[in-house]
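Structural characterization, general
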Amino acid sequence: YAPADSSQLLSEWLVQNGGKVGLEIGAVNAEGLRGAVAARDFEEGEIVAAVPFNCTIDLASQEAGDTAAELATNLLRMRFEDPEIWAHMEPHRASLPGRDQIYNKYIFQMEHLPLLQDPGMESLITRVMEWLDEVYTGATTVEPQYRFTSLAHHPGAADISREDFAYYTSLLDSYSFSFPADESHEARRLMLPLLDLINHGGQPNVALKRDPESSCYVAVAVHPIRRGEEVTHLYSWSLERNDKALLNYFFVQDAEPPRLCAMDLPGVSVWDTVESPPADHELYGPGAPLCIQEEVNRLRSILVMFPTGEDQDAALLESGELSDWRERVIVKFRMLRKRALRLTMQGVQAALEEAAQHTGPRVVVPIAGATCFQQACLE
Ligand SMILES: C[S@@+](CC[C@H](N)C(=O)[O-])C[C@H]1O[C@@H](n2cnc3c(N)ncnc32)[C@H](O)[C@@H]1O
């Protein structure tokens, strides 16, 4: 990551501009993942960090759905059209991950595609990278309104290489924020210094909000937080599904109980933005709609397509043969995907067997004096 003193400079810059920094930036797990920890105790409702509006970058998007490549075009235009703002934001850029430290669907390397063991995912990522090229070369924009002039037509932009453009696109994919429209504001896409160093947590302890009164974006404690505790916010519910987390943020989680990938649910694609999909147990638990033999068969048909098994993936991860951190994340992803498929199948199978045991032969017992029959289930 960026040198440790970059976060010190970032904090000083934010405070000089009227912000508040109750966070320290550093490693938050044994693998050295960078994140934010509370610098002191906070009560519920207290502001943990505040970033003044003039230290944010408003990507001027009217829709939260613009692709990261289009947002990157808009950001890079600022370099030519607002050089003062670009210079003002230097402490933020210095805090962001370098080119070797960020990875997601926009900068996937071709040799990593087969590691996914999924031709559907491969073609999806290839298409995303084609979009990036189309926006970069100005051949098209994904949005028909053509809101963003391609950099290719921008005077002075010739020195922005495709690699530069891909790097900024990947940053905007993983380090920009969408705020949906509310009664008083339109939907916005923004870059938020410091707040973009907070990791995702499924059980977050802060929520991000805009606070027009203080002219700041703030992280507010949603529970009491103790000094030294990692501060997290919920990026999206959908990230409990590892295909979503991998493609958008390039991390995976070994959840307990495991969650199927979005694309392994029937009728769901990895692109679907279902904010609160039913939990797996609501779909697959005993008596749930997908607790049926046909679904076991469907999940098995996905599992048998993989050329390696879960154990082989685990052995590969332990072998030390994968020298590149990105390869390790992808292999871990496919291993966890298979594990979730297997455990879901086993859970459904067990529930079906349990139900079958309790369903003995049905005997119709006539009840004396009654005009109808009552069914009794004999064990
Ligand atoms: C907005 S940034 C958060 C700060 C980032 N860790 C950093 O140091 O720059 C998003 C990136 O952080 C990492 N990240 C966020 N939440 C994570 C999590 N729960 N587990 C693993 N990595 C996570 C991923 O690399 C993701 O692309």
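Residues numbered from 1 in each chain as written. Predicted model: local features only at pLDDT ≥ 70, side-chain atom pairs only at ≥ 80, totals over all residues. Heavy atoms only, no water.

1. Side note on the sheet that holds strand 8 (residues 199-200)
The condition that has to hold: At least two bridges found by DSSP between two strands is the condition for calling them paired. Secondary structure elements are defined from DSSP: runs of H or I of at least 4 residues count as helices, runs of E of at least 2 residues count as strands, and each element is numbered from the N terminus.
Taken in spatial order, the four strands line up as 2-3-11-8 in an open sheet, and their pairing is mixed. Since the sheet does not close on itself, it has two edges, and those belong to strand 2 (23-27) and strand 8, each with one partner. The pairing of strand 3 (residues 34-38) with strand 11 (residues 230-233) spans two bridges and is classified as antiparallel. Within strand 11, the residue paired with Ala 36 across the bridge is Val 231.

2. Quick word on the packing of helix 10 (residues 310-319) against helix 11 (residues 325-357)
What counts, and what does not: Angular values range over 0 to 180 degrees, each being the angle between N-to-C directions of two axes fitted as lines to C-alpha atoms, with helices fitted over their stretch in contact. Convention used here: angles under 35 degrees read as roughly parallel, angles over 145 as roughly antiparallel, angles from 65 to 115 as roughly perpendicular, and any remaining angle as oblique. Rotating anticlockwise by less than a right angle from the far helix to the near helix defines a left-handed crossing, while the corresponding clockwise rotation defines a right-handed one. A contact between two residues is defined here by any heavy atoms of the two lying within 4.5 Å. For this classification, Asp, Glu, Lys and Arg are treated as charged, while Ala, Val, Leu, Ile, Met, Phe, Trp, Tyr, Cys and Pro are nonpolar and the rest, including Gly, are polar.
Put simply, helix 10 and helix 11 touch, their axes get as near as 9 Å, and they point 155° apart. Accordingly, the angle class assigned to the pair helix 10 and helix 11 is roughly antiparallel. The interaxial crossing formed by helix 10 with helix 11 has left-handed handedness. Facing helix 10, whose interface residues are Glu 310, Asp 313, Ala 314, Leu 316 and Leu 317, helix 11 presents Arg 328, Val 331, Lys 332, Arg 334, Met 335, Lys 338, Arg 339 and Arg 342. In terms of residue class, the contact of helix 10 with helix 11 is made up of five nonpolar, no polar and eight charged.

3. Notes on the environment of Cys 261
Selection rule: With a 1.4 Å probe rolled over the protein chains alone, any residue whose accessible area is under 20% of its type maximum counts as buried; one over 50% counts as exposed, and the rest are partly exposed.
Examined against the element boundaries, Cys 261 turns out to sit in the loop between helix 7 (242-249) and helix 8 (280-284). By relative accessible area, Cys 261 is classed as buried at 2%. Residues Cys 261 and Glu 240, spaced 21 residues apart in sequence, show a C-alpha to C-alpha distance of 8.5 Å. Not counting the four nearest positions on each side in its chain, Cys 261 is found in contact with Arg 241, Asn 242, Asp 243, Phe 333 and Arg 337.

4. Points about the sheet that holds strand 10 (residues 216-221)
Taken in spatial order, the four strands line up as 1-4-10-9 in an open sheet, and their pairing is antiparallel. Both edges of this open sheet fall to strand 1 (20-21) and strand 9 (206-211), since each of them pairs with a single strand only. As paired strands, strand 9 and strand 10 are joined by six bridges and run antiparallel to one another. Note that in strand 10 the partner of Lys 209 across the bridge is Val 218.

5. So, the site of the ligand
The condition is simple: If a single non-hydrogen atom of a residue is within 4 Å of a molecule or strand, that residue counts as near it. Here a polar contact means two N or O atoms within 3.5 Å. Within protein one must be a hydrogen donor candidate and the other an acceptor candidate, and residues neighboring in sequence count only if both atoms are side-chain atoms. Reported accessibility uses the Shrake-Rupley method at a 1.4 Å probe radius. Residues are deemed covered only where the shown protein chains occlude them.
Looking at the ligand, there are 13 residues lining it, with Arg 34, Tyr 175, Asn 199, His 200 and Tyr 249 nearest. The side chain of Asn 199 places a nitrogen or oxygen atom 2.8 Å from a nitrogen atom of the ligand. Protein burial of the ligand: of its 560 Å² of free accessible surface, 87% is covered by the chains. Broken down by secondary-structure element, the contributors of at least two residues to the shell around the ligand are helix 6 (162-175) and strand 8. Grouping the amino acids of the shell around the ligand by side-chain chemistry returns eight nonpolar, three polar and two charged.

6. Quick look at the packing of helix 5 (residues 119-137) against helix 7
At a closest axis distance of 13 Å, the pairing of helix 5 and helix 7 adopts a crossing angle of 30°. Taken together, the axes of helix 5 and helix 7 are roughly parallel relative to one another. In the packing of helix 5 onto helix 7, the handedness of the crossing is right-handed. Each of Met 121, Leu 124 and Ile 125 in helix 5 lies in contact with helix 7, whose residues at this interface are Asp 243, Leu 246 and Leu 247. Across the contact of helix 5 with helix 7, the residue classes tally to five nonpolar, no polar and one charged.

7. As for the nonpolar core
Stated precisely, the cut-off is as follows: Buried Ala, Val, Leu, Ile, Met, Phe, Trp, Tyr and Cys residues form a nonpolar core when they are joined through side-chain atoms within 4.5 Å. Each domain's limits were defined by an automated method or a database of domain assignments.
If you look at the biggest cluster of nonpolar residues, it comprises 79 residues, and the most contacted ones within it are Phe 108, Leu 116, Phe 165 and Leu 195. In terms of residue count, the dominant contributor to this core is helix 5 (eight residues). Per-domain counts for this core show at least three residues from each of domain 1 (4-235) and domain 2 (238-357). Setting aside its immediate chain neighbours within four residues, Leu 195 contacts Ala 49, Val 51, Phe 177, Leu 208, Tyr 217, Ala 219 and His 233.

Read these as geometric descriptors, not functional statements.
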